[in-house]
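# Structural overview
Letter by letter, the chains look like this.
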Amino acid sequence: MSRGLGTEFITSARAVVADPQTLIADGAVVVGDGQILAVGPRQPIKRRFAGVVEQVLEGQVLLPGLVNAHTHLELSDLAGRIPAPSHFTEWVLELGALSPASGRTDEAIAAAVTAGAGQSIRYGVTTIGDVSRHCAASRRALRDGPVRVVSFGEIMALGRSRNRLEARLAGASEWGDESDFLSIGLSPHAPYSVEGPALQQIVRAAEARHLPLTMHLAELLEEREFLATLGGRLGGDWEVMRRLNLLDADIPRFADGPVAWAEHYGLLGAQVPVVLAHLNYPSADDIDRLARCRAAVAFCPRTHHYFGHDRQGRHRWREMLASGINVCLATDSLASNPDLSLLGEAQFVQREYPPADPRELFSMLTIRPARALGLARHIGALAPGYRADLVAMPLPAEVSLSIIPVLEYLIAQAPSAEQVWINGGAAL
Ligand SMILES: [Zn+2]
(Lines give C-alpha, C1' and ligand atoms only; values in the text may rest on other atoms or scores of the structure.)
Protein backbone atom coordinates (compact mmCIF):
# COMPACT_ATOMS: atom_id res chain seq x y z
CA MET A 1 0.00 0.00 0.00
CA SER A 2 1.33 3.39 -0.90
CA ARG A 3 1.18 5.87 1.92
CA GLY A 4 3.43 8.59 0.63
CA LEU A 5 2.87 12.20 -0.25
CA GLY A 6 0.46 12.85 -3.05
CA THR A 7 -1.69 9.81 -2.44
CA GLU A 8 -5.04 9.55 -0.73
CA PHE A 9 -5.72 6.98 1.92
CA ILE A 10 -8.07 6.29 4.79
CA THR A 11 -6.81 5.13 8.15
CA SER A 12 -9.50 3.82 10.46
CA ALA A 13 -9.16 2.66 14.03
CA ARG A 14 -11.14 1.51 17.05
CA ALA A 15 -11.03 5.12 18.21
CA VAL A 16 -9.83 8.46 16.85
CA VAL A 17 -8.89 11.19 19.32
CA ALA A 18 -9.29 14.30 17.17
CA ASP A 19 -8.46 16.76 19.94
CA PRO A 20 -8.41 16.76 23.77
CA GLN A 21 -12.20 16.94 23.93
CA THR A 22 -13.25 14.68 21.06
CA LEU A 23 -13.20 10.93 20.64
CA ILE A 24 -14.77 9.23 17.63
CA ALA A 25 -15.47 5.53 18.22
CA ASP A 26 -14.84 3.42 15.09
CA GLY A 27 -13.41 6.51 13.46
CA ALA A 28 -11.46 7.28 10.33
CA VAL A 29 -9.07 9.92 9.02
CA VAL A 30 -8.70 10.66 5.31
CA VAL A 31 -5.32 11.91 4.12
CA GLY A 32 -4.36 13.41 0.78
CA ASP A 33 -1.32 15.41 -0.32
CA GLY A 34 0.08 15.37 3.18
CA GLN A 35 -3.03 16.99 4.65
CA ILE A 36 -6.05 15.76 6.52
CA LEU A 37 -9.08 15.86 4.23
CA ALA A 38 -11.72 14.54 6.63
CA VAL A 39 -12.16 13.05 10.10
CA GLY A 40 -15.28 11.24 11.33
CA PRO A 41 -17.11 7.99 11.92
CA ARG A 42 -15.81 5.25 9.66
CA GLN A 43 -18.90 4.26 7.69
CA PRO A 44 -19.92 7.73 6.45
CA ILE A 45 -16.27 8.46 5.64
CA LYS A 46 -16.03 5.25 3.60
CA ARG A 47 -19.17 6.16 1.65
CA ARG A 48 -17.94 9.68 0.98
CA PHE A 49 -14.47 8.52 -0.10
CA ALA A 50 -15.54 5.34 -1.91
CA GLY A 51 -12.64 3.78 -3.78
CA VAL A 52 -9.93 5.32 -1.58
CA VAL A 53 -7.69 2.66 -0.13
CA GLU A 54 -8.31 1.98 3.58
CA GLN A 55 -5.98 0.74 6.27
CA VAL A 56 -7.79 -0.67 9.30
CA LEU A 57 -5.91 -0.47 12.60
CA GLU A 58 -7.30 -3.20 14.81
CA GLY A 59 -7.10 -2.54 18.55
CA GLN A 60 -5.49 0.87 18.11
CA VAL A 61 -6.28 4.52 18.69
CA LEU A 62 -5.33 7.26 16.25
CA LEU A 63 -4.07 10.51 17.74
CA PRO A 64 -2.65 13.78 16.50
CA GLY A 65 1.15 13.63 16.55
CA LEU A 66 2.47 14.92 19.87
CA VAL A 67 4.40 18.21 19.97
CA ASN A 68 7.53 18.65 22.10
CA ALA A 69 8.15 22.39 22.29
CA HIS A 70 11.50 22.20 24.10
CA THR A 71 14.36 19.78 23.70
CA HIS A 72 17.98 19.67 22.54
CA LEU A 73 18.33 16.73 20.15
CA GLU A 74 22.09 17.25 19.85
CA LEU A 75 22.46 16.02 23.46
CA SER A 76 20.71 12.72 22.71
CA ASP A 77 23.91 10.71 23.12
CA LEU A 78 24.09 11.67 26.80
CA ALA A 79 21.19 9.60 28.18
CA GLY A 80 22.06 8.40 31.66
CA ARG A 81 25.61 9.79 31.47
CA ILE A 82 25.25 12.59 34.03
CA PRO A 83 24.09 11.58 37.53
CA ALA A 84 21.56 13.96 39.12
CA PRO A 85 23.70 16.94 40.16
CA SER A 86 23.45 18.86 43.42
CA HIS A 87 23.09 22.03 41.32
CA PHE A 88 22.62 23.02 37.69
CA THR A 89 26.05 24.70 37.63
CA GLU A 90 27.74 21.33 38.34
CA TRP A 91 25.70 19.70 35.57
CA VAL A 92 27.03 22.29 33.11
CA LEU A 93 30.59 21.33 34.10
CA GLU A 94 29.81 17.63 33.56
CA LEU A 95 28.12 18.40 30.27
CA GLY A 96 31.16 20.39 29.16
CA ALA A 97 33.44 17.49 30.05
CA LEU A 98 31.32 14.93 28.17
CA SER A 99 30.47 17.10 25.21
CA PRO A 100 33.14 19.78 24.68
CA ALA A 101 31.78 22.43 22.34
CA SER A 102 34.89 22.51 20.20
CA GLY A 103 35.68 18.80 20.20
CA ARG A 104 32.48 17.39 18.71
CA THR A 105 32.44 16.53 15.06
CA ASP A 106 29.50 17.28 12.81
CA GLU A 107 29.08 13.52 12.41
CA ALA A 108 28.75 13.05 16.17
CA ILE A 109 26.17 15.85 16.34
CA ALA A 110 24.24 14.43 13.39
CA ALA A 111 24.24 10.96 14.98
CA ALA A 112 22.92 12.34 18.29
CA VAL A 113 20.24 14.42 16.55
CA THR A 114 19.13 11.48 14.41
CA ALA A 115 18.96 9.18 17.44
CA GLY A 116 16.85 11.71 19.36
CA ALA A 117 14.52 12.27 16.41
CA GLY A 118 14.07 8.52 16.01
CA GLN A 119 13.31 8.05 19.68
CA SER A 120 10.81 10.93 19.58
CA ILE A 121 8.92 9.28 16.73
CA ARG A 122 8.78 5.98 18.59
CA TYR A 123 7.07 7.88 21.42
CA GLY A 124 4.55 9.43 19.04
CA VAL A 125 6.20 12.87 18.90
CA THR A 126 5.96 14.30 15.38
CA THR A 127 6.98 17.94 15.95
CA ILE A 128 9.94 19.17 17.95
CA GLY A 129 11.08 22.60 19.07
CA ASP A 130 14.80 21.80 18.92
CA VAL A 131 17.33 24.17 20.45
CA SER A 132 20.68 23.73 18.76
CA ARG A 133 24.04 25.30 19.47
CA HIS A 134 25.48 23.48 16.44
CA CYS A 135 22.61 24.33 14.15
CA ALA A 136 24.49 24.02 10.85
CA ALA A 137 25.14 20.34 11.59
CA SER A 138 21.81 19.58 13.22
CA ARG A 139 19.77 21.27 10.47
CA ARG A 140 21.61 19.35 7.79
CA ALA A 141 20.76 16.15 9.68
CA LEU A 142 17.07 17.07 10.05
CA ARG A 143 16.11 18.90 6.86
CA ASP A 144 14.80 15.77 5.13
CA GLY A 145 12.94 14.46 8.17
CA PRO A 146 12.04 12.15 9.71
CA VAL A 147 10.40 14.54 12.19
CA ARG A 148 8.90 18.02 11.86
CA VAL A 149 11.29 20.48 13.53
CA VAL A 150 11.37 24.12 14.46
CA SER A 151 15.15 24.45 14.74
CA PHE A 152 16.00 27.24 17.16
CA GLY A 153 19.60 28.35 16.60
CA GLU A 154 21.09 29.04 20.01
CA ILE A 155 22.83 32.36 20.56
CA MET A 156 25.00 33.55 23.42
CA ALA A 157 26.21 37.13 23.69
CA LEU A 158 27.45 38.34 27.03
CA GLY A 159 30.11 40.84 28.05
CA ARG A 160 33.41 40.33 26.24
CA SER A 161 31.79 37.97 23.69
CA ARG A 162 29.21 40.57 22.61
CA ASN A 163 31.18 41.43 19.47
CA ARG A 164 30.35 37.95 18.15
CA LEU A 165 26.60 38.57 18.26
CA GLU A 166 26.25 39.51 14.58
CA ALA A 167 28.05 36.37 13.40
CA ARG A 168 26.08 34.15 15.77
CA LEU A 169 22.82 35.74 14.72
CA ALA A 170 23.69 35.20 11.06
CA GLY A 171 24.53 31.53 11.68
CA ALA A 172 21.37 30.90 13.69
CA SER A 173 19.20 32.68 11.08
CA GLU A 174 20.68 30.77 8.13
CA TRP A 175 17.64 29.45 6.25
CA GLY A 176 19.21 27.28 3.56
CA ASP A 177 18.03 24.05 5.19
CA GLU A 178 14.35 25.00 5.45
CA SER A 179 12.09 22.29 4.05
CA ASP A 180 8.69 20.62 4.45
CA PHE A 181 10.08 19.22 7.70
CA LEU A 182 12.27 22.01 9.00
CA SER A 183 11.66 25.66 9.79
CA ILE A 184 13.98 27.90 11.75
CA GLY A 185 13.78 30.02 14.87
CA LEU A 186 16.16 31.81 17.22
CA SER A 187 17.09 30.95 20.77
CA PRO A 188 18.81 33.52 22.92
CA HIS A 189 20.17 31.03 25.47
CA ALA A 190 19.52 32.35 28.99
CA PRO A 191 19.71 35.50 31.14
CA TYR A 192 23.21 34.56 32.33
CA SER A 193 24.58 34.08 28.78
CA VAL A 194 22.82 36.85 26.79
CA GLU A 195 22.93 40.46 27.98
CA GLY A 196 19.85 42.65 27.69
CA PRO A 197 20.80 44.76 24.65
CA ALA A 198 21.79 41.58 22.78
CA LEU A 199 18.43 40.06 23.63
CA GLN A 200 16.74 43.14 22.22
CA GLN A 201 18.72 42.84 19.01
CA ILE A 202 17.83 39.14 18.66
CA VAL A 203 14.14 39.91 19.21
CA ARG A 204 14.25 42.59 16.50
CA ALA A 205 15.96 40.21 14.09
CA ALA A 206 13.32 37.55 14.77
CA GLU A 207 10.50 40.03 14.21
CA ALA A 208 12.02 41.24 10.94
CA ARG A 209 12.17 37.67 9.62
CA HIS A 210 9.00 36.36 11.35
CA LEU A 211 11.02 33.73 13.21
CA PRO A 212 9.75 32.17 16.44
CA LEU A 213 11.83 32.65 19.57
CA THR A 214 12.62 30.51 22.58
CA MET A 215 14.67 31.19 25.69
CA HIS A 216 15.46 29.45 28.97
CA LEU A 217 13.94 31.79 31.55
CA ALA A 218 13.58 31.75 35.34
CA GLU A 219 14.97 28.23 35.20
CA LEU A 220 17.33 28.96 38.10
CA LEU A 221 16.77 30.81 41.33
CA GLU A 222 20.15 32.54 40.96
CA GLU A 223 19.23 34.36 37.72
CA ARG A 224 17.86 37.23 39.79
CA GLU A 225 21.13 37.75 41.67
CA PHE A 226 23.15 37.40 38.48
CA LEU A 227 21.11 40.04 36.65
CA ALA A 228 21.28 42.42 39.61
CA THR A 229 24.98 42.07 40.49
CA LEU A 230 26.70 39.69 38.00
CA GLY A 231 27.68 37.80 41.15
CA GLY A 232 26.62 34.60 42.83
CA ARG A 233 26.52 31.04 41.67
CA LEU A 234 25.88 31.92 38.01
CA GLY A 235 28.31 34.84 38.02
CA GLY A 236 31.66 35.54 39.63
CA ASP A 237 31.44 32.46 41.88
CA TRP A 238 30.99 30.03 38.99
CA GLU A 239 34.06 28.25 37.68
CA VAL A 240 32.60 28.24 34.14
CA MET A 241 32.05 32.00 34.20
CA ARG A 242 35.52 32.67 35.61
CA ARG A 243 37.14 30.47 32.99
CA LEU A 244 35.25 32.16 30.14
CA ASN A 245 36.20 35.59 31.51
CA LEU A 246 33.18 37.29 29.93
CA LEU A 247 31.92 39.57 32.67
CA ASP A 248 32.66 43.26 32.24
CA ALA A 249 31.38 46.61 33.41
CA ASP A 250 29.27 47.23 30.29
CA ILE A 251 26.72 44.47 31.04
CA PRO A 252 23.61 46.35 32.22
CA ARG A 253 22.41 45.34 35.69
CA PHE A 254 18.72 44.66 36.27
CA ALA A 255 17.15 44.42 39.70
CA ASP A 256 13.66 42.99 39.13
CA GLY A 257 14.36 39.43 38.11
CA PRO A 258 14.49 37.54 34.83
CA VAL A 259 10.85 37.81 33.74
CA ALA A 260 10.75 41.61 34.14
CA TRP A 261 14.15 41.69 32.42
CA ALA A 262 12.77 39.71 29.46
CA GLU A 263 9.82 42.10 29.32
CA HIS A 264 12.10 45.14 29.49
CA TYR A 265 14.22 43.95 26.54
CA GLY A 266 11.22 43.09 24.37
CA LEU A 267 11.04 39.30 24.53
CA LEU A 268 7.66 39.06 26.22
CA GLY A 269 6.07 41.52 23.83
CA ALA A 270 7.71 40.13 20.68
CA GLN A 271 5.44 40.03 17.63
CA VAL A 272 6.39 36.42 16.89
CA PRO A 273 5.69 33.15 18.76
CA VAL A 274 7.75 32.92 21.96
CA VAL A 275 8.36 29.79 24.05
CA LEU A 276 9.82 30.39 27.51
CA ALA A 277 11.46 27.23 28.77
CA HIS A 278 11.03 26.19 32.42
CA LEU A 279 9.76 29.23 34.39
CA ASN A 280 10.63 27.29 37.53
CA TYR A 281 10.89 30.39 39.73
CA PRO A 282 8.21 32.96 38.84
CA SER A 283 7.02 35.52 41.37
CA ALA A 284 3.33 36.43 41.61
CA ASP A 285 4.16 39.62 39.65
CA ASP A 286 5.86 37.49 37.00
CA ILE A 287 2.74 35.39 36.49
CA ASP A 288 0.74 38.63 36.03
CA ARG A 289 3.35 39.84 33.55
CA LEU A 290 3.20 36.60 31.57
CA ALA A 291 -0.60 36.64 31.59
CA ARG A 292 -0.50 40.02 29.84
CA CYS A 293 1.58 38.71 26.93
CA ARG A 294 1.27 35.90 24.41
CA ALA A 295 4.48 34.06 25.27
CA ALA A 296 4.02 30.39 26.10
CA VAL A 297 5.72 28.42 28.87
CA ALA A 298 7.30 24.99 28.34
CA PHE A 299 7.28 23.12 31.65
CA CYS A 300 9.69 20.15 31.66
CA PRO A 301 8.47 18.09 34.65
CA ARG A 302 11.03 15.30 34.86
CA THR A 303 13.91 17.70 34.22
CA HIS A 304 12.48 19.97 36.94
CA HIS A 305 12.69 16.97 39.25
CA TYR A 306 16.16 15.87 38.05
CA PHE A 307 17.67 19.24 38.97
CA GLY A 308 15.97 19.18 42.38
CA HIS A 309 13.87 22.29 41.71
CA ASP A 310 10.94 20.55 43.40
CA ARG A 311 12.91 20.78 46.66
CA GLN A 312 12.34 24.56 46.44
CA GLY A 313 8.62 24.15 45.81
CA ARG A 314 6.21 22.83 43.25
CA HIS A 315 6.10 24.16 39.72
CA ARG A 316 3.29 26.71 39.32
CA TRP A 317 2.06 25.48 35.92
CA ARG A 318 -1.49 25.11 37.13
CA GLU A 319 -1.64 28.68 38.41
CA MET A 320 -0.18 29.86 35.11
CA LEU A 321 -2.84 28.00 33.12
CA ALA A 322 -5.54 29.47 35.35
CA SER A 323 -4.11 32.94 34.58
CA GLY A 324 -4.55 32.30 30.88
CA ILE A 325 -0.89 31.53 30.09
CA ASN A 326 -0.35 28.90 27.41
CA VAL A 327 1.61 26.19 29.25
CA CYS A 328 2.79 23.04 27.52
CA LEU A 329 4.74 20.00 28.67
CA ALA A 330 8.15 19.32 27.17
CA THR A 331 11.04 16.95 27.78
CA ASP A 332 14.22 19.06 27.69
CA SER A 333 17.15 16.87 26.61
CA LEU A 334 18.38 13.37 27.31
CA ALA A 335 21.17 14.95 29.36
CA SER A 336 18.58 15.60 32.09
CA ASN A 337 15.77 13.15 31.31
CA PRO A 338 15.66 9.37 30.89
CA ASP A 339 13.73 9.52 27.61
CA LEU A 340 11.91 11.83 25.18
CA SER A 341 8.40 10.48 25.86
CA LEU A 342 5.89 13.31 26.18
CA LEU A 343 3.27 10.92 27.55
CA GLY A 344 5.93 10.04 30.15
CA GLU A 345 5.96 13.71 31.18
CA ALA A 346 2.16 13.71 31.48
CA GLN A 347 2.34 10.49 33.51
CA PHE A 348 4.84 12.13 35.89
CA VAL A 349 2.58 15.19 36.29
CA GLN A 350 -0.45 12.96 36.88
CA ARG A 351 1.46 11.26 39.70
CA GLU A 352 3.17 14.30 41.25
CA TYR A 353 0.48 16.98 40.79
CA PRO A 354 -2.84 15.14 41.30
CA PRO A 355 -5.56 15.44 40.37
CA ALA A 356 -4.86 16.47 36.78
CA ASP A 357 -7.59 16.28 34.15
CA PRO A 358 -6.30 14.01 31.34
CA ARG A 359 -7.88 16.32 28.74
CA GLU A 360 -5.88 19.24 30.12
CA LEU A 361 -2.67 17.21 30.12
CA PHE A 362 -3.31 16.01 26.57
CA SER A 363 -3.86 19.59 25.40
CA MET A 364 -0.41 20.36 26.88
CA LEU A 365 1.09 17.73 24.54
CA THR A 366 -0.82 18.74 21.40
CA ILE A 367 -2.76 21.95 20.78
CA ARG A 368 -0.94 24.07 23.38
CA PRO A 369 2.62 23.36 22.17
CA ALA A 370 1.41 23.68 18.56
CA ARG A 371 0.19 27.19 19.37
CA ALA A 372 3.39 27.92 21.33
CA LEU A 373 5.48 27.18 18.23
CA GLY A 374 3.23 29.25 15.97
CA LEU A 375 1.80 26.14 14.29
CA ALA A 376 -1.81 26.29 15.51
CA ARG A 377 -4.22 25.22 12.74
CA HIS A 378 -1.42 23.19 11.15
CA ILE A 379 -0.63 20.52 13.75
CA GLY A 380 -1.76 19.38 17.20
CA ALA A 381 -5.24 18.15 16.25
CA LEU A 382 -6.88 15.99 13.61
CA ALA A 383 -9.08 18.28 11.53
CA PRO A 384 -9.55 19.05 7.83
CA GLY A 385 -6.74 21.27 6.54
CA TYR A 386 -4.25 20.25 9.24
CA ARG A 387 -1.02 18.51 8.31
CA ALA A 388 -1.40 14.73 8.32
CA ASP A 389 0.74 14.05 11.39
CA LEU A 390 -0.88 10.96 12.90
CA VAL A 391 0.08 8.45 15.54
CA ALA A 392 -1.40 5.00 16.17
CA MET A 393 -1.06 3.58 19.66
CA PRO A 394 -2.40 0.34 21.16
CA LEU A 395 -5.85 0.49 22.76
CA PRO A 396 -6.86 -2.66 24.66
CA ALA A 397 -10.46 -3.84 24.31
CA GLU A 398 -11.19 -3.25 28.01
CA VAL A 399 -10.67 0.54 27.72
CA SER A 400 -14.11 2.10 27.23
CA LEU A 401 -14.56 4.31 24.20
CA SER A 402 -14.92 7.80 25.57
CA ILE A 403 -12.37 10.55 25.79
CA ILE A 404 -11.46 10.46 29.50
CA PRO A 405 -10.80 6.70 29.87
CA VAL A 406 -8.83 6.62 26.62
CA LEU A 407 -6.62 9.57 27.60
CA GLU A 408 -6.24 8.16 31.13
CA TYR A 409 -5.07 4.87 29.63
CA LEU A 410 -2.56 6.60 27.32
CA ILE A 411 -1.13 8.71 30.13
CA ALA A 412 -0.98 5.82 32.61
CA GLN A 413 0.74 3.48 30.14
CA ALA A 414 2.70 5.97 27.98
CA PRO A 415 2.85 3.34 25.23
CA SER A 416 5.15 3.46 22.25
CA ALA A 417 3.61 4.30 18.90
CA GLU A 418 2.81 1.44 16.54
CA GLN A 419 2.63 3.62 13.43
CA VAL A 420 3.43 7.27 12.77
CA TRP A 421 2.79 9.47 9.74
CA ILE A 422 4.26 12.92 9.19
CA ASN A 423 2.98 15.04 6.28
CA GLY A 424 1.04 11.89 5.35
CA GLY A 425 4.20 9.84 4.90
CA ALA A 426 5.04 6.81 7.04
CA ALA A 427 7.68 7.83 9.61
CA LEU A 428 7.67 4.60 11.65
ZN1 LIG B 1 16.74 23.42 27.53
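## A short note on the overall build of the chain
The secondary structure content of the chain amounts to 16 helices and 15 strands. Overall, the chain is about 70 × 45 × 40 Å in size when its C-alpha atoms are taken along their principal axes. Burial analysis of the chain (428 residues in total) assigns 52% to the buried set. Within the chain, contacts between residues separated by at least 24 positions form 74% of all contacts whose residues are at least 6 apart in sequence.

## Side note on the packing of helix H13 (residues 342-352) against helix H16 (residues 403-413)
Relative to each other, H13 and H16 sit at 100°, their axes nearing to 7 Å. Between H13 and H16, the interaxial angle falls into the category roughly perpendicular. Along its contact with H13, which presents Leu343, Ala346, Gln347 and Gln350, the element H16 presents Leu410, Ile411 and Ala412. Of the residues in the contact of H13 with H16, the class split is five nonpolar, two polar and no charged.

## Here we look at the domain arrangement of the chain
Here the chain is described as being made up of domain 1 (9-65 + 380-426) and domain 2 (66-372). Relative to domain 2, the C-alpha centre of domain 1 lies at a distance of 31 Å. Considering each element in turn, the side of domain 1 that touches domain 2 owes the most residues, seven residues, to H16. Looking at the side of domain 1 that touches domain 2 residue by residue, the class counts come to 16 nonpolar, five polar and three charged.

## Brief notes about the pairing of strand S13 (residues 390-394)
With four of five residues buried, S13 is to be regarded as a mostly interior element. Where strand S4 (residues 54-64) and S13 come together, five bridges link them in antiparallel fashion. Across the sheet, the residue bridging to glutamine 60 is proline 394, located in S13. Sheet topology places S13 next to strand S14 (residues 419-422); three bridges connect them, and they run antiparallel. Each bridged residue has a counterpart across the sheet, and for alanine 392 the counterpart in S14 is glutamine 419.

## A look at the pairing of strand S6 (residues 125-132)
Across the eight residues of S6, eight count as buried, placing the element largely inside the fold. The pairing of strand S5 (residues 66-71) with S6 spans four bridges and is parallel. Bridge pairing in S6 links valine 67 to threonine 127. As defined by bridge partners, S6 adjoins strand S7 (residues 148-155) across six bridges and the pair is classed as parallel. Counterpart to serine 132 in the pairing with S7 is glycine 153.

## Some remarks on the sheet that holds S4
Taken together, seven strands build an open sheet; the order of strands is S3-S2-S1-S4-S13-S14-S15 and the sheet is mixed. Across the chains shown, the open sheet's two edge strands, defined by having one partner strand only, are strand S3 (35-41) and strand S15 (425-426).

## What to know about helix H6 (residues 196-209)
Over its 14 residues, H6 extends 20 Å from the first C-alpha to the last, a length consistent with the 20 Å expected when each residue adds 1.5 Å. Each element contacted by the buried residues of H6 is listed here: S7, helix H5 (165-173), strand S8 (182-188) and strand S9 (213-217). After H6 finishes, the residue histidine 210 shows a positive phi value of roughly 55°.

## Some points on H5
Helical geometry: 3.6 residues make up each α-helical turn, so side chains three or four residues apart lie on a common side. Every buried residue of H5 is listed here: Leu165, Arg168, Leu169 and Ala172. Axial view of H5: buried residues confined to an arc of 100°, hence all on one face. In H5, the exposed positions that point more than 90 degrees away from the buried face belong to Glu166, Ala167 and Ala170. Buried residues belonging to H5 abut helix H4 (135-142), S7, S8 and H6.

## With respect to the nonpolar core
Formed by 137 residues in total, the largest nonpolar core has its most connected members in Val16, Val29, Leu267, Leu276, Val297 and Ala298. Residue contributions to this core peak at seven residues, all from strand S1 (residues 9-19). Mapped onto the domain boundaries, this core takes at least three residues apiece from domain 1 (9-65 + 380-426) and domain 2 (66-372). Not counting residues within four places of it along the chain, the set of residues in contact with valine 16 comprises Ile24, Gly27, Ala28, Val29, Val39, Leu62 and Leu382.

## Observations concerning the environment of phenylalanine 362
Within the secondary structure layout, phenylalanine 362 lies in helix H14 (residues 358-363). With 28 C-beta atoms counted inside 10 Å, the residue phenylalanine 362 sits in the buried group. Residues phenylalanine 362 and glutamine 21, 341 residues apart in the sequence, show an inter-C-alpha distance of 9.3 Å. In contact with phenylalanine 362, other than residues within four places in its own chain, are Pro20 and Leu407.

## Focus on the environment of valine 131
Inspection of the secondary structure assignment puts valine 131 in strand S6. Since 29 C-beta atoms lie within 10 Å of it, valine 131 is described here as buried. Not counting chain neighbours up to four residues away, the residues in contact with valine 131 comprise His72, Phe152, Glu154, Ser187 and Thr214.

## Structural notes on the confidence of the model for the chain
For the chain, mean pLDDT is 95; residues scoring 70 or higher make up 98% of the total. This model gives residues 1-5 a pLDDT under 50, and the stretch forms 13 contacts once residues within four places in sequence are excluded.

## Side note on unusual backbone geometry
With an omega of 15°, the peptide bond running from glycine 145 to proline 146 counts as cis. Within the secondary structure, proline 146 sits in the loop between H4 and S7. Backbone geometry at asparagine 245 places phi at a positive 55°, although glycine is not the residue there. Assignment of secondary structure puts asparagine 245 in the loop between helix H8 (239-244) and helix H9 (258-264).

## Structural notes on the packing of helix H3 (residues 106-122) against H4
Orientation of H3 relative to H4, taken along the N-to-C sense of each, is 50°, at an axis distance of 9 Å. One way to sum up the angle between H3 and H4 is to call them oblique. H4 is crossed by H3, and the crossing has right-handed handedness. Along its contact with H3, which presents Asp106, Ile109, Ala110, Val113, Thr114 and Ala117, the element H4 presents Ala137, Ser138, Arg140, Ala141 and Leu142. Across the contact of H3 with H4, the residue classes tally to seven nonpolar, two polar and two charged.

So, how was this worked out
Residues numbered from 1 in each chain as written. Predicted model: local features only at pLDDT ≥ 70, side-chain atom pairs only at ≥ 80, totals over all residues. Helix = DSSP H or I, 4+ residues; strand = E, 2+ residues; numbered from the N terminus. Buried ≥ 20, exposed ≤ 12 C-beta atoms within 10 Å, placed from the backbone. Contact = placed C-beta atoms within 7 Å. Axes fitted to C-alpha atoms, helices over the stretch in contact; angles between N-to-C directions. Parallel < 35°, antiparallel > 145°, perpendicular 65-115°, else oblique. Nonpolar A, V, L, I, M, F, W, Y, C, P; charged D, E, K, R; others polar. Domains from an automatic or database assignment. Pairing = 2+ DSSP bridges. Expected span 1.5 Å × (residues − 1). Arc of directions from axis to C-beta. Core = buried A, V, L, I, M, F, W, Y, C linked by C-beta atoms within 7 Å. pLDDT = per-residue confidence, 0-100. Left-handed = near helix turned anticlockwise from the far one by under 90°.

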